[in-house]
Amino acid sequence: MDPKVFYSIKLISNPVKSEDGTFFQLNWIDFTSNSYSSSIYFKGKDVKRVTWGGKESQPLVKDGVLHYVKGGDKDTLMRSTLGEPEPVFSFDKIKKYLPYGKGFLFLGEERKGNSTPFEASSLKYKFDSRGLLRSRTSLYYFDGKETRTIMGGNYDVNDFDTDGRRVVASATMSNDDVSFQDVFEVDVGSSSFTKLTKGEGAVTAVALTKSGFAYLGHRKGLSPWARKDVIFEDGRVLTCGKYCGNSVVNDLFVKYGDKLVVDGGKVYSLGQDGPTVNVYSVEDGEKVTDVKGVVLDFDVKDGVEYVYSDPRKPSLMGGYDPNESVEGVIPDSFTKGIEGWVMKRDEKAPNVVFVHGGPHTAYGYMYYIEFNYLFQEGFNVIYTNPSGSQGYGEDFARAVVGKWCDIDFSELMSFVSSLGLKGKFHLTGGSYGGYFTNMALTKTDFFSSGIAERSISNLVSMCGTSDIGFWFNAIESGISDPWERESIGKLLEMSPIYHVKKVKTPLMLIHGEEDMRCPIEQAEQFFIALKMNGVDARLVRYPGDSHEHARRGKPLNMVDS
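Here's what I pulled together on the structure shown here. (Residues numbered from 1 in each chain as written. Predicted model: local features only at pLDDT ≥ 70, side-chain atom pairs only at ≥ 80, totals over all residues. Heavy atoms only, no water.)

### Quick notes on unusual backbone geometry
Keep this limit in mind: Strands here are runs of E lasting at least two residues and helices are runs of H or I lasting at least four, both read from the DSSP assignment and numbered beginning at the N terminus.
In this structure, Pro-359 follows Gly-358 across a cis peptide bond, with omega equal to 5°. If you trace the backbone, Pro-359 turns up in the loop between β34 (351-355) and β35 (362-363). One non-glycine residue, Ser-129, lies in positive phi territory at about 70°. In this fold, Ser-129 is placed in the loop between β11 (126-127) and β12 (131-132).

Quick look at the structure:
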């Protein structure tokens, strides 16, 4: 079957409740232009399309209906009342906006050309999907006439909120190299700000509440495995499920992020429990939705509206299904030491075993494009959440630190062998899953083939070529300084390239040429080493694609992959 069929789905995002219904963004792929499209819709008694250009995003109800239009050179904020939408202001890139005073506060980034020399002076000088950091995300204010910078520099402002009086923002100002985030009080009039958080850690969303501010994140320093909580200005630390937010990986082509929503004085967040994600009322500790699936986005205003996915359906919201003809396969669920799932065609069918990235993410009980495609092509599809996965407690997530493809390898192999399937087995995964694929093939000849996407082969060289490798590889390997002789030895011992002589299994390496998280040199090294050792190996390179190539890359590249 043509893979385009599986990528021809429509996905809901950015629901915004109003008195009469819900505005939302509908997203789809335009294969003719090899690009992504989106427009604003309204769901009341029925569903109606509101905008028609195909580049409209982020609706907001305030003195009419607001949204912004992505342009070639500029993004433009538009407002519609009774007639045609009218422009409010334009900026190079608009990422988030909120009304404030007589104008708007917004997160934006200047567009700068890449034809001139670039001089790096910081450890973090590039970032995946953004390229060389010639410009940063800043907080701006448009007062109705002109735009000025409120908070910006050699760091990124990640999120902000305002109640019309107070303004708080999160930014990487304190230690941009490793992207530590803090919350700041912002004075718009003087363009000054004061740090409010103590310690070091992550802030992925911030909101003003009835009693102060709250943020989603942690104060646990460099710890990618750390559980995220909702932390309040008065010091309260509250958890939604086993993990606040959503760490579930997916191959839907919309990027859903963490958010906090305040309504009626209450704070709402997503919360994860293993493979499921729901909306929680944070201070009550109450699960507001009860979805056997993954809630991806939501809004709360006198009730909750939420977008979710389950194994049958890619995208649903309040009875609205934009993909009525799509019917995904419901997997069989197993708990055999670890939690896992099998989309089973037949005991004798060939099997594809998937390993998720991270390693501190998780597979969810939801619709996967790639899984459903492979099932239709005749494969059993197997996927699990072994040690290292998020959503099962912090100790479970931390269990693989310093022991990549070790305990999780044993758990995966035990799970697979317990299924009683008779066909050949093939192994694949992306990012950490690509690393796992490479490393597993140095440990076993059980698999008939492997496909490693955006993978890792040499943890030492990655320390100097990845946008986060210099700190991420060190902390995940259980070392402090990656450039000490003993540390280099540990990194090499954990690297597939160090054990490449043991590989006998045919392997395909798939990689985006502009991947800055796991740079393509990782695939190049392993490919050359395999070929020189007589292993059947292929390297597929996708021009223009970053680390997101298999999820939100160029559409025709994803189809080809």
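### Description of the pattern of salt bridges
Under the convention used in this document: Whenever Lys or Arg places a side-chain nitrogen within 4 Å of a carboxyl oxygen from Asp or Glu, that contact is recorded as a salt bridge. Here the term buried applies to any residue with accessible area under 20% of the maximum for its type, exposed to any over 50%, and partly exposed to those in between, with areas from a 1.4 Å probe on protein chains only.
Applying the stated criterion to the full structure yields 35 salt bridges. Residues Asp-92 and Lys-74 are paired through a salt bridge, measuring 2.8 Å at the closest nitrogen-oxygen approach. Taken as a pair, Asp-92 in the loop between β8 (86-91) and β9 (93-100) and Lys-74 in the loop between β6 (65-69) and β7 (75-80) lie far apart in primary sequence, 18 residues in all. According to the relative accessible area criterion, Asp-92 is buried, its value standing at 12%. The closest approach of N and O atoms between Asp-290 and Lys-287, which form a salt bridge, is 3.7 Å. Among the charged side chains, a network of salt bridges with common partners joins Lys-95, Glu-109, Lys-124, Arg-130, Arg-136, Asp-156 and Asp-176.

### Overview of the layout of surface pockets
Here is the rule we go by: Only protein atoms enter the calculation, which uses a 1 Å grid: trapped sets of points that fit a 1.4 Å probe without letting it out are cavities, open sets showing protein on both sides within 12 Å along at least five of seven lines are pockets, and any residue with an atom within 4 Å of a point is a lining residue. Grid points are joined across faces, edges and corners, and a volume is the space filled by probe spheres set on the points. Here the term charged refers only to Asp, Glu, Lys and Arg, the term nonpolar to Ala, Val, Leu, Ile, Met, Phe, Trp, Tyr, Cys and Pro, and the term polar to all other amino acids, Gly among them.
Its volume calculated, the second largest pocket comes out at about 510 Å³. For the second largest pocket, the lining is made up of 24 residues, of which Glu-370, Tyr-373, Leu-374, Ile-451 and Ser-561 are closest to its centre. For the lining of the second largest pocket, the elements supplying multiple residues, two or more each, are α1 (3-6), β34, α2 (369-376), β37 (425-430), β38 (449-453), β39 (507-512) and α11 (555-560). For the lining of the second largest pocket, the residue count by class is 16 nonpolar, five polar and three charged.

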